[in-house]
Amino acid sequence: MTTRAAIYVRISQDRGGAGLGIARQEEDCRALCARKGWEVFDLYADNDVSAYSGAARPKWQELLADINEGLVNAVVCWHVDRLTRSPRELEDVIDLADRQGLELATVSGEVDLATPTGRMIARMLGAAARHEAEHKAERQRRQRRQAAEAGKVAGGGKRPFGYEDDRATVRESEAENIREGARRVLAGESLSSICRDWRTREIVTAAGIPWKPSGLRRMLASARISGRREHTPRSSWEGTRPLLGEVVSDAVWPGIISHEDSDRLRALLSDPDRRTSMKGGSRTYLLSGILRCGKPTEVPNTACGWGLIGRPRSGVPRYVCPNLPGADSCGGTATNAQRTDDHVRDMVLTAFESPAFMKRLREPDGDGDEVYEKVQADEEELEELAADFGKQRISRKEWMVARAPIQERLERNRAKLAKVSSRAVLLGFVGSYEDMQDRWEKMNHSQRRAVISSAVRAVHVLPADPRKRWDPDRFVIDWIA
Ligand SMILES: [Zn+2]
């Protein structure tokens, strides 16, 4: 008779460290089956966070049922402490071994439940593991209580930027940097532009090294800086940690920025459109991507529509409709870059000065707050689902099924929120024409682009009239408001 072995693996926190990740357990168990010439019937994997909390182990129940049915006549696990969590459970397994002739093999050593000595060893191993876990649980409880009483925060490693070594006291100088970074990103400035500025001001990370866009992005997208805890299941890392975990609770440490700003940052920084545009690197042409070729085509009432690109001629920067082989761009429009930039800037600043325009820009296009509320509602729902799963009110599968559509909607709304936010925050730039002109002069390229795109969807550039040197009427602005 072939031996059909069940591999039972369990991940828990009662024993951290190497060798006990589920994948490693499985690999070792499969190797053991191969050595013993056992056929692997199925893999049973339970994931209980706290081994001795008494939570049900669905796969364990399934395994017991399969043993009772006679489908399985051997169990392979990494260590006895993976298999059973209490002496009572171990006795159940020993009973099954008696009744069904169940064989047991563990990677960490031979345990033969058919012999009294083997059972004794199993009981001792189980007792030792239980003792260790109880001891550790008690130690952790004590530490957590002490930490809470002292207002401390769990976790080791380097202190996070913005906080002291106790990870809970705000370091005001860095907090100010965080608030500034958040404001600038929300206003549409690029991460690399901020990093460049911070490098010249010698603002460095907690580790004392200059800021890089990837690090700044992760820091500003973290829920930590808004005084909230974030949880990223390690199983979902796939090599690199995802940018956003789930916000699970208010933390004991104080926030440096508001929850709302944090949510907006998280939405903005995880927006895939933004990442693409960042890859474009530093643009030296203010309006590339904003200017569109307005030269009419043979089809009535249509224009070329291609995005003008920056291309100097005889050292003079110009925007031109690209003449690309194989593309249907007309290559027939060109305009002086400096004069175009100045003209569009003036148009935008003038528009900002107009109360009527600002009223339209301010007017919610329905969305702003509404989208924000939707995002929050979905985040709360995800939290509740996670709690239901944690308390075993729903199965893992039910949890996964229920969260999929919410997560999808959440992603969509986060993207929407990112777009609304970048405009809403720009309202802070607006002042009198002189004010704005002043501020404009001090802005870098990325900030200026942010200002323009907050008000302008596109600028259509009509072909030049050869009789005129400079003709502002060539520029038809497609205002957002
Ligand atoms: Zn064209």
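The structure this text deals with has already been given above.
Basis of the calculations
Residues numbered from 1 in each chain as written. Predicted model: local features only at pLDDT ≥ 70, side-chain atom pairs only at ≥ 80, totals over all residues. Heavy atoms only, no water. Helix = DSSP H or I, 4+ residues; strand = E, 2+ residues; numbered from the N terminus. Buried < 20%, exposed > 50% of the residue type's maximum accessible area, 1.4 Å probe, protein only. Contact = heavy atoms within 4.5 Å. Donors = N, O, S within 2.8 Å, 3.2 Å for Na, K, Ca; no water. Tetrahedral: all angles 85-135°; square planar, octahedral: opposite > 155°, others 65-115°. Salt bridge = Lys/Arg side-chain N within 4 Å of Asp/Glu carboxyl O. Pairing = 2+ DSSP bridges. Axes fitted to C-alpha atoms, helices over the stretch in contact; angles between N-to-C directions. Core = buried A, V, L, I, M, F, W, Y, C linked by side-chain atoms within 4.5 Å. Phe/Tyr/Trp six-rings, centres within 6.5 Å; stacked < 30°, edge-to-face > 60°. Lys NZ or Arg CZ within 6 Å of the ring centre and 35° of its normal. Polar contact = N/O pair within 3.5 Å; in protein donor to acceptor, adjacent residues only side chain to side chain. Patch = residues over 30% accessible without salt bridge, like charges linked within 9 Å, V, L, I, M, F, W, Y side chains within 5 Å. Areas by Shrake-Rupley, 256 points an atom, 1.4 Å probe, with all protein chains shown as cover. Parallel < 35°, antiparallel > 145°, perpendicular 65-115°, else oblique. Nonpolar A, V, L, I, M, F, W, Y, C, P; charged D, E, K, R; others polar. Expected span 1.5 Å × (residues − 1). Arc of directions from axis to C-beta.

Caption draft 1: Spatial organisation of the overall build of the protein. Secondary structure assignment for the protein yields 16 helices and twelve strands. Looking at the protein residue by residue over its 481 residues, the buried ones come to 40%. Nonlocal contacts in the protein, meaning residues at least 24 apart in sequence, comprise 63% of its contacts between residues at least 6 apart.

Caption draft 2: Inspection of the coordination of the zinc ion at higher detail. At 2.2 to 2.3 Å from the zinc ion lie its protein donor atoms, namely Cys293 (SG), Cys304 (SG), Cys321 (SG) and Cys330 (SG). The site at the zinc ion holds four donor atoms, and with the angles between them running 103 to 115 degrees, its shape is tetrahedral. Given the relative accessible area of 1%, Cys293 is considered buried.

Caption draft 3: Seen up close, the environment of Ile480. Note that Ile480 resides in the segment after strand 12 (475–479). Residue class for Ile480 comes out partly exposed when judged on its relative accessible area of 23%. Considering only alpha carbons, one finds Ile480 and Arg360, 120 residues apart in sequence, at a separation of 9.0 Å.

Caption draft 4: Spatial organisation of the pattern of salt bridges. Taken as a whole and judged by the stated rule, the model has 21 salt bridges. One salt bridge in this structure joins Arg393 and Asp388, with 2.8 Å as the shortest N-O distance. For Asp388, a relative accessible area of 22% translates into the label partly exposed. Taken together, the shared-partner salt bridges in this structure form one network comprising Arg159, Glu164, Arg171 and Glu174.

Caption draft 5: Main features of the sheet that holds strand 12. What the three strands build is an open sheet, ordered 7-11-12; its pairing is mixed. One side of each edge strand has no neighbouring strand; the edge strands of this open sheet are strand 7 (291–293) and strand 12. Going across the sheet, the axis of each strand differs from the next one's by a mean of 30 degrees, ignoring polarity. With three bridges connecting them, strand 7 and strand 11 (residues 456–461) associate as parallel partners. Each residue of the ladder has a partner; that of Leu291, found in strand 11, is Val459. Across the face of the sheet, helix 16 (residues 445–455) comes into contact with strand 11 and strand 12 while running at roughly 90 degrees to strand 11.

Caption draft 6: Region of interest: the nonpolar core. Ranked by size, the top nonpolar core spans 32 residues in total, and within it Leu287, Tyr319, Val348, Phe352, Ile452, Val456 and Val459 carry the most contacts. Those elements that provide at least two residues to this core are strand 7, helix 11 (337–353), helix 12 (355–362), helix 15 (433–442), helix 16, strand 11 and strand 12. With six residues, helix 11 is the single largest residue contributor to this core. With residues near it in sequence (within four places) discarded, Leu287 still touches Tyr319, Thr340, Asp341, Val344, Arg449 and Ile452. Counting 28 residues, the second-largest nonpolar core is a separate cluster that includes Phe161, Ala182, Leu216 and Leu220.

Caption draft 7: View of the sheet that holds strand 10 (residues 334–336). Spatial strand order, 8-9-10: three strands in an open sheet with antiparallel pairing. At either end of the open sheet lies a strand with only one pairing partner, and these are strand 8 (309–310) and strand 10. As paired strands, strand 9 (residues 318–320) and strand 10 are joined by three bridges and run antiparallel to one another. Bridge pairing in strand 10 places Arg318 opposite Asn336. Sitting on the sheet, helix 11 is in contact with strand 9 and strand 10, with an inclination near 75 degrees to strand 10.

Caption draft 8: Layout of the packing of aromatic side chains. Enumeration over the complete set of coordinates arrives at five aromatic pairs. Between the aromatic rings of Phe161 and Trp211, the centroid separation amounts to 4.9 Å while the plane-to-plane angle is 85 degrees, which identifies the pairing as edge-to-face. Residue Phe161 is located in the loop between helix 5 (116–149) and helix 6 (172–186), and its partner Trp211 is located in the loop between helix 7 (191–200) and helix 8 (213–221); the two are separated by 50 residues in the primary sequence. Put simply, the rings of Phe161, Trp198 and Trp211 touch in pairs and so form one group of aromatic residues. The ring of Tyr163 is capped by Arg224, whose NZ or CZ atom sits 5.5 Å from the centre of that ring. Here the basic side chain of Arg224 rests over the ring of Trp253, its NZ or CZ set 4.2 Å away from the ring centre.

Caption draft 9: Local environment of the pairing of strand 3 (residues 74–77). Burial along strand 3 is two-sided: Ala74 and Val76 and Val75 and Cys77, pointing in opposite directions, are all buried. Judged from the four bridges that link them, strand 3 and strand 4 (residues 103–106) form a sheet pairing that is parallel. Bridge pairing in strand 4 links Val76 to Ala105.

Caption draft 10: Highlighting the side chain of Ser222. Looking at the secondary structure, you find Ser222 in the loop between helix 8 and strand 5 (228–231). Here Met219 takes part through its backbone oxygen, which lies 2.8 Å from a polar atom of the side chain of Ser222. Look past the residues within four positions of Ser222 in its chain and what remains in contact with it is Glu230, Ser262 and Arg266.

Caption draft 11: Representation of a nonpolar patch on the surface in the model. Side chains of Met120, Ile121 and Met124 sit close together on the surface and give an oily, nonpolar patch of about 290 Å² of accessible area. Tracing the sequence through the fold places Ile121 in helix 5.

Caption draft 12: Expanded view of the packing of helix 7 against helix 8. Interaxial distance between helix 7 and helix 8 falls to 9 Å at its minimum, and their mutual angle equals 105 degrees. Taken together, helix 7 and helix 8 sit at an angle that is classed as roughly perpendicular. Here helix 7 contributes Leu191, Ser192, Ile194, Cys195 and Trp198 to the contact with helix 8, which in turn contributes Pro213, Leu216, Arg217 and Leu220. Along the lines of polarity and charge, the residues of the contact of helix 7 with helix 8 split into seven nonpolar, one polar and one charged.

Caption draft 13: Quick peek at helix 1 (residues 22–36). Here helix 1 spans 21 Å end to end across 15 residues, near enough to the 21 Å set by a 1.5 Å rise per residue. Listing the buried residues of helix 1 in full gives Gln25, Asp28, Cys29, Leu32 and Cys33. Down the axis of helix 1, the buried side of the element spans an arc of 145 degrees, and every buried residue falls inside it. Looking at helix 1, the residues exposed on the side facing more than 90 degrees away from the buried face are Ala23, Glu27 and Ala34. In the stretch just after helix 1, Gly37 is the one whose phi turns positive, near 75 degrees.

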